[in-house]
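Letter by letter, the chains look like this.
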Amino acid sequence: MTTTNDTDRGIDPRSPRFGAAITTVLLAVTIVLTLIPETWVAGIVLLAVIVALFAVGGIAGIRRHPYGALFRRVVRPRLAPPAELEAPEPPTFAQQVGLFVTAVALLLALLGVPYAAPIGAAVALVAAFLNAVFDVCIGCLLYVWLVRAGVFRPRRGVA
Amino acid sequence: MTVIVAVAVLAGVLALATVLGLLLRSRTGRAKPSTTSADGTASTVADLAPPTAFGTRATLVQFSTPTCARCPATARHLDSVAARHDGVTRLEIDLAEHPGLASRFNVLQTPRSCSSTVPGPFAPASEAHPAHPSSPQPSTPS
């Protein structure tokens, strides 16, 4: 279970949203670049960068994400302290979801599947956009859907 | 594809995302009275935990998951509601441990809270947010 107000573990909840906003912009650019044949390669390179950033956040954890560092240095000093802290697990899960979607898109694009890059980027864009603009918690939605789809088995064997 | 068409596609994706966002926003934070489920049985909560876990007047049941960013804040909010009313407690159900309950209670996102009342005047539903409070049929833990 996630806990907050644990000052060594908690993160400012605005930091992942800041990161989601940057990601939204990068994914939007990726979609446009990969839809135009002349700029497709540039779009794929950008998609690969996005995949790498998601990998850092999803594997090393949201607190090691470069956007977090950027937030702490540039944005946070201009804001009031956060009302409460958030556990790092949900945003890290959201990064893992982003990693999965964009990595699959990149792979399929490199294998020559048409429109794999813009479609995958669009899926990831919707998620990042919802988080950045509407403060939608992807982990709040997706985990439950996966549970209902039977992807997770009960943790302690009690159904 | 030209630049203009590509940008138009992007605009379409963003418009779709905006519609989704507005839809999701309109669905959270509202109280709904519960309906009985399709087979006509009401959902009861009595079997979720030992009787001592339930309040004597009402229980605020909160469904959570491990990746739920809003759950701790909702837990604190519901705890403060429970503290203001005698005989009311909060009961936390982790869907990771009880996945079958997600469809039984039609949980689509977490946190999701509902109130289970013993018969009597108590209406916490409007205070519990940002989840969908709903009131299952009264169930008395035996």
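> For the overall build of chain B, give the residues involved together with the corresponding values.
Scanning chain B for helices and strands turns up three helices and three strands. Relative to its full complement of 142 residues, chain B shows a buried share of 36%. A fraction of 70% describes how many contacts in chain B between residues 6 or more apart in sequence connect residues 24 or more apart.

> Quick one: what's the story with the interface of chain A and chain B, residue by residue and with numbers?
Listed by partner, the interface residues are 38 residues for chain A and 37 residues for chain B. For the side of chain A that touches chain B, the secondary structure elements donating two or more residues are helix 1 (14–35), helix 4 (89–110), helix 5 (116–134) and helix 6 (138–148) of chain A. In the side of chain A that touches chain B, the residues fall into 28 nonpolar, four polar and six charged.

> Before we move on, could you go through the nonpolar core and cite the residues and values that matter?
Among the nonpolar cores identified, the biggest contains 59 residues, and Leu27(A), Ile31(A), Ala121(A), Leu125(A), Val126(A), Ala128(A) and Leu95(B) are the most heavily contacted of them. It is helix 5 of chain A that contributes the most residues to this core, 11 residues altogether. When residues of this core are assigned to domains, at least three fall in each of domain 1 (1–30) and domain 2 (32–142) of chain B.

> An account of the packing of helix 4 of chain A against helix 5 of chain A is needed here, citing residue identities and associated values.
Residues and elements named next belong to chain A. Where helix 4 contacts helix 5, the two axes come as close as 7 Å, and the packing angle between them is 165°. Viewed along their axes, helix 4 and helix 5 adopt a mutual orientation that is roughly antiparallel. The way helix 4 lies across helix 5 gives a crossing that is left-handed. For the pair formed by helix 4 and helix 5, the contact residues are Ala94, Val97, Gly98, Val101, Thr102, Val104, Ala105, Leu108 and Ala109 on the first element and Ala116, Ala117, Ile119, Gly120, Ala121, Val123, Ala124, Ala127, Ala128 and Asn131 on the second. Across the contact of helix 4 with helix 5, the residue classes tally to 15 nonpolar, four polar and no charged.

> Outline the packing of helix 5 of chain A against helix 1 (residues 3–27) of chain B, listing residues and values.
Here helix 5 of chain A crosses helix 1 of chain B at 50°, and the two axes come no closer than 9 Å. Overall, the two elements helix 5 of chain A and helix 1 of chain B adopt an arrangement that is oblique. Judged by the twist between their axes, the crossing of helix 5 of chain A over helix 1 of chain B is right-handed. Every residue of helix 1 of chain B that contacts helix 5 of chain A at Ala122(A), Leu125(A), Val126(A), Phe129(A), Leu130(A), Val133(A) and Phe134(A) is listed here: Val13(B), Leu14(B), Leu16(B), Ala17(B), Leu20(B), Gly21(B), Leu24(B) and Arg25(B). When grouped by side-chain class, the residues that make up the contact of helix 5 of chain A with helix 1 of chain B number 13 nonpolar, one polar and one charged.

> Please provide a residue-by-residue account of the confidence of the model for chain B, values included.
Residue and element names in this part refer to chain B. Residues at a pLDDT of 70 or more form 68% of chain B, whose mean pLDDT is 71. Mean pLDDT across the elements of chain B bottoms out in strand 3 (residues 112–117) (76) and peaks in helix 1 (92). The low-confidence segment residues 119–142, where pLDDT is below 50, has 65 contacts with residues more than four positions distant or belonging to other chains. Overall fold confidence (pTM) sits at 0.75, and the ipTM for the predicted complex is 0.82.

> I'd love a proper account of the confidence of the model for chain A, names of residues and values included.
Residue and element names in this part refer to chain A. Mean pLDDT over chain A: 86, with 90% of residues reaching 70 or higher. When pLDDT is averaged over each helix and strand of chain A, the minimum, 78, is found for helix 6 and the maximum, 95, for helix 5. Counting interchain partners and residues more than four positions distant, the pLDDT-below-50 stretch residues 1–5 has 21 contacts.

What counts and how
- Residues numbered from 1 in each chain as written.
- Chains lettered and ligands numbered in written order.
- Predicted model: local features only at pLDDT ≥ 70, side-chain atom pairs only at ≥ 80, totals over all residues.
- Helix = DSSP H or I, 4+ residues; strand = E, 2+ residues; numbered from the N terminus.
- Buried ≥ 20, exposed ≤ 12 C-beta atoms within 10 Å, placed from the backbone.
- Contact = placed C-beta atoms within 7 Å.
- Nonpolar A, V, L, I, M, F, W, Y, C, P; charged D, E, K, R; others polar.
- Core = buried A, V, L, I, M, F, W, Y, C linked by C-beta atoms within 7 Å.
- Domains from an automatic or database assignment.
- Axes fitted to C-alpha atoms, helices over the stretch in contact; angles between N-to-C directions.
- Parallel < 35°, antiparallel > 145°, perpendicular 65-115°, else oblique.
- Left-handed = near helix turned anticlockwise from the far one by under 90°.
- pLDDT = per-residue confidence, 0-100.

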